[in-house]
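Descriptive structure summary
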Protein chains: 2
Amino acid sequence: MGNFQLCPKFEKGMQMLGKRWTGLIINQLLSGPQRFSEIKADLPISGKLLTERLKEMEEEELVTRKVYAEVPVRVEYELTEKGRALQPVMKEISKWAEEWVEV
Amino acid sequence: MGNFQLCPKFEKGMQMLGKRWTGLIINQLLSGPQRFSEIKADLPISGKLLTERLKEMEEEELVTRKVYAEVPVRVEYELTEKGRALQPVMKEISKWAEEWVEV
């Protein structure tokens, strides 16, 4: 099995991406940095859960949180290079899901 | 948000693929049909969990289970067309994970 060495990375990556909402948040941030309220407005997700998920994504270095010292303070979330590198993955999953997944 | 209509399909697909071992099982079956024992030999997974996961994947129409009336009986698992259609997804996730995921 040629990709055995890759297994732990692949498996860890799959679990990272497979968490509820993570894929949709990445998809949304691929269009550019967004404020918390903007992300929330487009997803049927509670503020509490979105906060939790964004924190995990920060720990996994998929997003960065930028705080602008304005009044009122502005906080934006942006994909890191690692996060942006997921664009081809997201594209292929979207194509597959659109063709094959029934809801 | 242009892909809003796609969201439920995308989200369901992500969750399907994000389950522990599912991606690795798909990756393995992309090389062709395999017996239960062959899949198990290549993955550090218990027989109980592999059985459970394959059953779910059958329900999700990602794999089919074929029973050959030989002595002893031979059982093989094979990707469906829906499962095989995941090849580009698996390829992109592998590339991304190899480059970006640390274990």
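Predicted model, so just to flag it, every value in this text is computed and none were measured. (Residues numbered from 1 in each chain as written. Chains lettered and ligands numbered in written order. Predicted model: local features only at pLDDT ≥ 70, side-chain atom pairs only at ≥ 80, totals over all residues. Heavy atoms only, no water.)

What follows deals with the packing of aromatic side chains. Given two aromatic rings, their pairing is described by the distance between the two centres and the angle made by the two planes. Applying the stated criterion to the full structure yields zero aromatic pairs over all chains. One cation-aromatic arrangement involves arginine 74 of chain A over tyrosine 68 of chain A; the distance from NZ or CZ to the ring centre is 4.1 Å. (Phe/Tyr/Trp six-rings, centres within 6.5 Å; stacked < 30°, edge-to-face > 60°. Lys NZ or Arg CZ within 6 Å of the ring centre and 35° of its normal.)

With that settled, the discussion passes to the UniProt feature "domain: HTH hxlR-type" (unreviewed entry) in chain A. Residues annotated in UniProt with the feature "domain: HTH hxlR-type" (unreviewed entry) correspond here to residues 7-103 of chain A. Segment residues 7-103 of chain A splits into 60% helix and 14% strand. End C-alpha atoms: 30 Å apart. (UniProt positions renumbered as here; feature names shortened; annotations may be inferred. Helix = DSSP H or I, 4+ residues; strand = E, 2+ residues; numbered from the N terminus.)

Bringing the sheet that holds strand S2 (residues 63-68) of chain A into the picture now. Residues and elements named next belong to chain A. Across the sheet, which stays open at both edges, the three strands sit in the order S1-S3-S2 with antiparallel pairing between neighbours. Of all strands in the sheet, those bounded by a partner on one side alone are strand S1 (34-35) and S2. Summarising the sheet, S1 and strand S3 (residues 74-79) pair through two bridges and their orientation is antiparallel. Note on S3: the bridge partner recorded for glutamine 34 is tyrosine 77. Contacting S1, S2 and S3, helix H2 (residues 22-29) crosses the sheet at an angle of about 100 degrees to S3. (Pairing = 2+ DSSP bridges. Contact = heavy atoms within 4.5 Å. Axes fitted to C-alpha atoms, helices over the stretch in contact; angles between N-to-C directions.)

With that settled, consider the relation of the copies chain B and chain A. The transformation that overlays chain B on chain A combines an axial shift of 0.0 Å with a rotation of 180 degrees, and the residual RMSD is 0.0 Å. Here the symmetry operator amounts to a two-fold rotation axis. Residues of chain B ranked by C-alpha distance from the rotation axis are headed by glycine 18 of chain B, positioned 1.8 Å from it. When the interface residues of chain B are mapped onto chain A, 100% of them again lie at the interface, so the same face is used by both copies. (Least-squares fit on C-alpha atoms with pLDDT ≥ 70 in both.)

All names here are of chain B. In spatial order, the strands read S1-S3-S2; together these three strands make up an open sheet with antiparallel pairing. With partners counted over all chains shown, the strands left at the sheet margins are strand S1 (34-35) and strand S2 (63-68), one partner each. Where helix H2 (residues 22-29) meets the sheet, its contacts fall on S1, S2 and strand S3 (74-79), and the angle it forms with S3 comes to roughly 100 degrees.

A separate point is the confidence of the model for chain A. Looking at chain A, the pLDDT average stands at 90 and 94% of residues meet or exceed 70. Confidence, expressed as mean pLDDT per element, reaches its minimum in chain A at helix H1 (residues 7-18) of chain A with 86 and its maximum at helix H5 (residues 81-84) of chain A with 98. (pLDDT = per-residue confidence, 0-100.)

Let us look at the pattern of salt bridges. Pairing is possible between side chains of opposite charge, provided their charged atoms come close. In the structure shown here, the tally under the stated rule is 14 salt bridges over all chains. A salt bridge links lysine 19 of chain A to glutamate 56 of chain A, with the nearest nitrogen and oxygen atoms 3.3 Å apart. With lysine 19 of chain A in the loop between H1 and H2 and glutamate 56 of chain A in helix H4 (residues 47-59), the pair connects residues that are 37 residues apart, well separated along the chain. Here arginine 74 of chain B ties to glutamate 76 of chain B by a salt bridge, and the two come within 2.9 Å at their closest N and O atoms. Here the two residues arginine 74 of chain B and glutamate 76 of chain B agree in accessibility, since each one is buried. (Salt bridge = Lys/Arg side-chain N within 4 Å of Asp/Glu carboxyl O. Buried < 20%, exposed > 50% of the residue type's maximum accessible area, 1.4 Å probe, protein only.)

This next bit is on the interface of chain B and chain A. The interface of chain B with chain A comprises 41 residues on the first partner and 41 residues on the second. Taking both sides of the interface into account, the surface hidden between chain B and chain A amounts to around 4200 Å²; carbon and sulfur atoms contribute 73%. When the area that chain B buries against chain A is broken down by residue, the three leading residues are Phe10, Trp96 and Trp100 of chain B, summing to 17%. The interface formed by chain B and chain A holds zero salt bridges in total. At the surface where chain B touches chain A, the tally comes to eight residue pairs in polar contact (both at pLDDT 80 or more). Of all the secondary structure elements, the ones that give two or more residues to the side of chain B that touches chain A are helix H1 (7-18), H2, helix H5 (81-84) and helix H6 (87-100) of chain B. With twelve residues, the single largest contributor to the side of chain B that touches chain A is H1 of chain B. Of the residues assigned to the side of chain B that touches chain A, the class counts are 23 nonpolar, eight polar and ten charged. (Buried area = accessible area lost by both parts, 1.4 Å probe. Polar contact = N/O pair within 3.5 Å; in protein donor to acceptor, adjacent residues only side chain to side chain. Nonpolar A, V, L, I, M, F, W, Y, C, P; charged D, E, K, R; others polar.)

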